[in-house]
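Breakdown of the fold
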Amino acid sequence: MGTDINNGKLCTIHIPIYNTLIILLSLFILSASSPADAAVRNWVIVIDAGHGGRDPGALGSFSKEKDITLPIALKTGEYIEKNLSNVKVLYTRKTDVAVDIRDRAEFANKNKADLFISIHVNWAKQKNIRGTETFVMGLTKDEQNLEVAMKENEVILREDDYTTKYEGFDPKSPESYIMFSVMQNVYLSQSTDLASRIQTQYKERVNRVDRGVKQAAFWVLFMTTMPSVLTESGFITNLEEEKFLNSEQGQDYIASALYRACRDYINEMDKKSGVELADNTSSPAPDTEKPVKQPVSDAVDIAFMVQIATSGSQKEIKPENFRGLKDVIELKSDDRFKYATGKFNNYTEAVEHRKKIEGIFPDAFVIAVRDNKILPLQEALDKNKRN
Ligand SMILES: [Zn+2]
């Protein structure tokens, strides 16, 4: 059992009126001294939800690629616009419509986008294949990369006049890909930079299997004239990943990962070019609002936390009520109110955390949590092992 916290007292802080005035005054000065005309670079990001309309993209056992890429694209854009004041987001599609590959790229070129992100879901014959990979434009001898590109490029076969529009290119013939060899990807290093940030986010924050950053000849990337990536956010042919990608939480995790990667890329580029940073660092990132902070293992979504208290009455979540701890959450429980701190995707880290707070909560113990509900620890450990 955790420590009962019946001794938590409400404490009211009285701020003298002149302090309030000083705070208000400095807020006013601060806002006046951060002019909107500071040399903040204005970025344009085009987010491209793969497929749409008559083109379903890859098919899973119960869903279509086009219906997964759209919500992820919209959520990603939402995060970016909400948190990055210096970025404008444009979408190649916001509804279930077909958009020609060429038009997607032209849209980005015409709008002078600084970044282009095409969101897709992968397909494989073998159902056990899983993980994420992010592509940049390039020629490859790797057969697997070529296969992914061929599959994504096949879309153009559904377009009218594709032979004239795509210079006689046959997406299904490997020989056709020779034509890309004349091209030099001037944005290779920037595209690769963004792609690796995306993969890192997937791996470290969303716990996805990392299949790496790869090169292949995708038409949509070939035609854009800015750093561009095509990200495959999981396999629709893997049932577990298909479920994850169709869940709201899964889509949210992927979108958050994409947002973070963009944010870090933009901040880094702005820093390099000596441009004053927009107040991106101070704006609340989704991790303070969404449970993306320590993404948990796969579709199972199990996290390990440290339970510090149970109580017959509900406590207001604030540090004073929990001996100064700031990250306490209330867990769903049938009888008593339970409170826990820390959130980890592996058991060992949770044990470490328990040791750290032993001084203030000697009776704290590690629990497994899914959807804010406590699970039997052994069951969680077994499931975690299997992933
Ligand atoms: Zn696709």
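For the structure, see preceding data.
Everything in this summary refers to the structure shown in the same document.

The next subject is the coordination of the zinc ion. Bound to the zinc ion on the protein side are H51 (NE2), E65 (OE), H120 (ND1), E152 (OE) and E152 (OE), at distances that span 2.0 to 2.5 Å. Mapped onto the polypeptide sequence, the residues donating to the zinc ion form the spacing pattern H-x13-E-x54-H-x31-E. In this pair, H120 sits in strand β4 (residues 115-122) while E152 sits in helix α4 (residues 143-153), placing the two residues 32 residues apart along the sequence. Of the two residues examined, H120 and E152, each falls in the buried class.

One finds I45, I47, I80 and L194 to be the most contacted residues of the largest nonpolar core, which totals 40 residues. Element by element, the count of residues in this core is highest for helix α9 (residues 248-272), at 11 residues.

Another point: the sheet that holds strand β7 (residues 228-235). On the basis of which strands lie adjacent, the open sheet formed by 6 strands has the order β3-β2-β4-β7-β5-β6 and mixed pairing. For this open sheet the edge positions go to β3 (87-91) and β6 (210-216), each flanked by a neighbour on one side alone. Across this sheet, the average inter-strand angle for adjacent strands is 20 degrees, counted without regard to direction. Strand direction decides the pairing type here: β4 and β7, joined by 6 bridges, are parallel. By the bridge assignment for β7, I117 is matched with V229. Against the sheet, helix α8 (residues 239-246) makes contact with β4 and β7, and its axis sits at roughly 115 degrees relative to β7, the strand it touches most.

With 6 of 8 residues buried, strand β10 (residues 337-344) is to be regarded as a mostly interior element. As defined by bridge partners, strand β9 (residues 329-331) adjoins β10 across 3 bridges and the pair is classed as antiparallel. What sits directly across from I329, in β10, is A340. The hairpin formed by β9 and β10 contains 5 residues between the paired strands.

At a minimum axis distance of 4 Å, the contact between α8 and α9 shows a crossing angle of 80 degrees. Taken together, the axes of α8 and α9 are roughly perpendicular relative to one another. Within the contact between the two elements, α8 uses F244, L245 and N246 and α9 uses E248, G250, Q251, Y253 and I254. Residues belonging to the contact of α8 with α9 are distributed by class as follows: 4 nonpolar, 3 polar and 1 charged.

The topology assignment puts R211 in strand β6. Taking relative accessible area as the criterion, R211 reaches 27% and is therefore assigned partly exposed. In the structure, R211 is positioned 21 residues away from E232 in sequence and 9.8 Å away in space, judged by C-alpha atoms. Beyond its immediate stretch of four places on either side in the chain, R211 contacts I129, R130, G131, T132, E133, Q199 and F235. In this structure the side chain of R211 is engaged in a polar contact, spanning 2.8 Å, whose partner is the side chain of E133.

Quick look at helix α10 (residues 347-356) now. Residues of α10 that are buried include every one of A350, H353 and R354, and no others. What you see down the axis of α10 is that its buried residues fit within an arc of 105 degrees, all on one side. Every exposed residue of α10 that faces more than 90 degrees away from the buried side is listed here: T348 and K356. For α10, the elements touching its buried residues are β8 (303-311), β10 and β11 (365-370).

Here we take up the pairing of β8. Most of β8 is tucked away, with 9 of its 9 residues classed as buried. By the bridge criterion, 6 bridges tie β8 to β10 in an arrangement that is antiparallel. By the bridge assignment for β10, Q307 is matched with A340.

Below, the discussion takes up the packing of aromatic side chains. Counted according to the given criterion, the structure contains 10 aromatic pairs. Site record: aromatic cluster; members linked through ring pairs are Y166, F169, Y177, W219 and F222. The lysine or arginine in question, R208, covers the ring of F244, its NZ or CZ lying 3.7 Å from the ring centre.

To continue, consider the side chain of N145. Looking at the secondary structure, you find N145 in helix α4. Residue class for N145 comes out buried when judged on its relative accessible area of 6%. Reaching out from N145, the side chain makes a polar contact with the backbone oxygen of Q215 at a distance of 3.2 Å.

One full turn of an α-helix is made of 3.6 residues, so residues set three or four places apart face in the same direction. Of the positions making up α4, those classed as buried are N145, L146, V148, A149, M150, E152 and N153. Contacts made by the buried residues of α4 are with α2 (65-83), β4, β5 (132-137), β6, α7 (219-222) and β7.

The next point concerns the packing of α2 against α9. Each pair of packed helices can be summarised by the angle the axes make with each other and by the distance between the axes. It is at 8 Å that the axes of α2 and α9 come closest, and there the two elements cross at 45 degrees. Classified by the angle their axes make, α2 and α9 are oblique. Judged by the twist between their axes, the crossing of α2 over α9 is right-handed. Residue-level contacts link P71, I72, K75, T76, Y79, I80 and N83 of α2 to E248, Q251, D252, I254, A255, S256, L258, Y259 and C262 of α9. Taken together, the residues of the contact of α2 with α9 break down into 9 nonpolar, 4 polar and 3 charged.

Rules and cut-offs
- Throughout this document, residue positions are counted from 1 along each chain, in the order its sequence is written.
- Only residues with pLDDT of at least 70 are given local features in this predicted model, and only at 80 or more are side-chain atom pairs given and counted; all residues enter the totals for whole chains, interfaces and linings.
- With hydrogens and water stripped out, all remaining heavy atoms of the structure feed into the side-chain values.
- Coordinating donors are taken as N, O and S atoms within 2.8 Å of the metal, stretched to 3.2 Å for Na, K and Ca; because water is absent from the atoms, sites can appear incomplete.
- Strands are runs of DSSP state E lasting at least two residues, helices are runs of H or I lasting at least four, and both sets are numbered from the N terminus onward.
- Relative accessibility under 20% of the residue-type maximum defines a buried residue, over 50% an exposed one, and the middle range a partly exposed one, all with a 1.4 Å probe and only protein chains included.
- Put simply, a nonpolar core is a bunch of buried Ala, Val, Leu, Ile, Met, Phe, Trp, Tyr and Cys residues held in one set by side-chain atoms that sit within 4.5 Å of each other.
- At least two bridges found by DSSP between two strands are what make those strands a pair.
- To obtain an axis, a line is fitted to C-alpha atoms, over the contacting stretch when the element is a helix, and the angle between two such axes runs from 0 to 180 degrees between their N-to-C directions.
- The contact criterion used is simple: two residues touch if any of their non-hydrogen atoms lie within 4.5 Å.
- The scheme is simple: roughly parallel for angles under 35 degrees, roughly antiparallel for over 145, roughly perpendicular for 65 to 115, oblique for anything else.
- For this classification, the nonpolar set comprises Ala, Val, Leu, Ile, Met, Phe, Trp, Tyr, Cys and Pro, the charged set comprises Asp, Glu, Lys and Arg, and every other residue, Gly included, is treated as polar.
- Whenever a nitrogen or oxygen atom comes within 3.5 Å of another N or O atom, the pair is scored as a polar contact, on the condition that within protein one atom can donate a hydrogen and the other can accept it, and that pairs from neighbouring residues in sequence are kept only if both atoms are in side chains.
- Starting at the helix axis, one direction is taken to each C-beta atom, and the arc is that of these directions.
- In this analysis, rings of Phe, Tyr and Trp, with Trp reduced to its six-membered ring, are considered paired at centre separations within 6.5 Å, and the interplanar angle assigns stacked below 30 degrees, edge-to-face beyond 60, and tilted for intermediate values.
- Put simply, a charge is over a ring when the Lys NZ or the Arg CZ is close to the ring centre, within 6 Å, and near the line of the ring normal, within 35 degrees.
- In this scheme the crossing of two helices becomes right-handed for a clockwise turn of the near helix relative to the far one and left-handed for an anticlockwise turn of less than a right angle.

These figures capture arrangement, not role.
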